[in-house]
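Here's the letter readout for the chains.
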Amino acid sequence: MQEALNQKIDAFIAANKEQLLKDIAALVSINSVEGTPEEGAPYGAGPRAALDKTLELAAGMGLATRNCEGHIGYAELAGADAEKYLATICHVDVVPEGNGWTQDPFQMEIRDGWMIGRGVADDKGPMVATLYALKFLKEEGVSLRYPIRALVGDNEETHMHDVDYYLANYPAPVFCFTPDAEFPVCNGEKGHFDGKLVSPVCNGVIKDFEGGVATNAVPDRASALVTTDITKLRNAPNITLEPEGEGVRIRGWGKSGHAAMPEGTVNAIGLVVNYLLDNGLCNDAERAYLEAVKKLHDAGLKVDIRDSLYREDVRPGFVIEQFPKAKSVVKPGRKIFLYINAVHPKEVIIDDDNHPTEYALKGESHRSAIARLEELGFKNVRMVKVLGSYDRVVKI
């Protein structure tokens, strides 16, 4: 039976390969980097266009589709039990294209058996492949016990607000996996931390400093504009000097890569920072900032997250507390612990059997239900009495 199924799958792939590649190319051609929010496009026109195109492809395959108010969408194959559903989730937004391309990154090419273009692997190619998997099941007339929903995200690369919106407004799947990692399966990911180091205003020796296109990518180029005489500067590896106006543009040339796998990369910002410090191209305020950046680049910054804190009076992602305190004298190698406010309140499981929310406290007395919620951290629980099959039914 398995051999017969494999033969059907191989035949399906052979028959659909050309169109599948065209569909991936059509999706890659859309620049879906996050942009300015617009009406009906909360993450910008590009991500919305990619979402629309994906749903158009799915509808052309005979799948039911839904656009969830521009935040996310899905294609669905019906199942017998509509009360629950299984899901995959891919995303069609991309990180900025960056530098160093030898072709238009939004025009997919096939070269030596490889698809080349922004998003072919992360995650437009897997998105289209998922739709074709549903198309195969549909054409084979497979009878599904549960519906399968292929979720189409368009804010994965920055904030994941598409998932936040979906879970706040639509029922969650009973099981979900994402074709957006190494095959065959990953059951967890590294934590992600975005920090900001704010420099003094660039109006001293340094007139301008730029580098990097996304917080999850190591920049391969950076530059600083400084007030100086180019004849007084010396050459350095991976640094070029260009006259610009009354100053000099100092460019650093590194090696890019994903921040989750930085091994082998060279951060161009660090190259420029080192050159500025080595050549005294900064005033005292600028030097203090550059030396802080240099320490992070030279020693590396490791974030050890033990648990999440959440306070409503602190902005998400901001530091609540630091230990040791600022300006403390510490031994080399000392860990510095930052207590950072979580983006969302901590989620808890009310019922170990994972019943639907409305039945999670079924059978509990009023007192025990309140105690259970308070034990889990709920505060100011409001009770609403409703009519039920028994007197004094309380809905919490």
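On a predicted model such as this, the values are computed, not experimentally measured, just so you know.

(A) Representation of the pattern of salt bridges. According to the stated counting rule, one finds 15 salt bridges in the structure shown. The shortest N-O distance in the salt bridge between Arg 111 and Glu 109 comes to 3.1 Å. On the accessibility criterion, Glu 109 (34% relative accessible area) is partly exposed. The closest approach of N and O atoms between Glu 244 and Arg 249, which form a salt bridge, is 3.0 Å. Looking at Glu 244, the relative accessible area reads 31%, which means it is partly exposed. In this structure, a network of salt bridges that share partners links the residues Asp 208, Glu 244 and Arg 249.

(B) The arrangement of unusual backbone geometry in detail. Following Asp 122, the chain continues into Asp 123 via a peptide bond in cis, with omega recorded as 10 degrees. Among the secondary structure elements, Asp 123 is positioned in the loop between β5 (114-116) and α3 (124-139). You will see that Met 160, though not glycine, has its phi angle at about 60 degrees, which is positive. Relative to the helices and strands, Met 160 resides in the loop between β6 (148-153) and α4 (161-169). Backbone geometry places Asn 238, a non-glycine residue, at a positive phi of 65 degrees. In this fold, Asn 238 is placed in the loop between β10 (221-226) and β11 (239-244).

(C) Just helix α1 (residues 2-28), in detail. Compared with the 39 Å implied by 1.5 Å per residue over 27 residues, the 34 Å span of α1 between its first and last C-alpha is markedly short. Along α1, the largest kink reaches about 55 degrees and is centred on Asn 16. Within α1, burial applies to Phe 12, Asn 16, Asp 23, Ile 24, Leu 27 and Val 28. Structurally, α1 contributes buried residues whose contacts are with α2 (45-60), β5 and α3.

(D) The sheet that holds strand β7 (residues 175-177), seen in detail. In space, the five strands of this open sheet follow the order β1-β2-β6-β3-β7, with mixed pairing throughout. Looking along the sheet, the strands with just one partner apiece sit at the ends: β1 (64-68) and β7. Averaged over neighbouring strand pairs, the angle between their axes works out to 20 degrees when direction is ignored. As paired strands, β1 and strand β2 (residues 72-77) are joined by five bridges and run antiparallel to one another. If you follow Arg 66 over to β2, its bridge partner there is Tyr 74. Strand contacts of α3: β2, β3 (86-91) and β6, with the helix running at about 160 degrees to β6, the strand carrying the most contacts.

Criteria and thresholds
Residues numbered from 1 in each chain as written. Predicted model: local features only at pLDDT ≥ 70, side-chain atom pairs only at ≥ 80, totals over all residues. Heavy atoms only, no water. Salt bridge = Lys/Arg side-chain N within 4 Å of Asp/Glu carboxyl O. Buried < 20%, exposed > 50% of the residue type's maximum accessible area, 1.4 Å probe, protein only. Helix = DSSP H or I, 4+ residues; strand = E, 2+ residues; numbered from the N terminus. Expected span 1.5 Å × (residues − 1). Bend = angle between axes of the 7 residues up to and from the residue. Contact = heavy atoms within 4.5 Å. Pairing = 2+ DSSP bridges. Axes fitted to C-alpha atoms, helices over the stretch in contact; angles between N-to-C directions.

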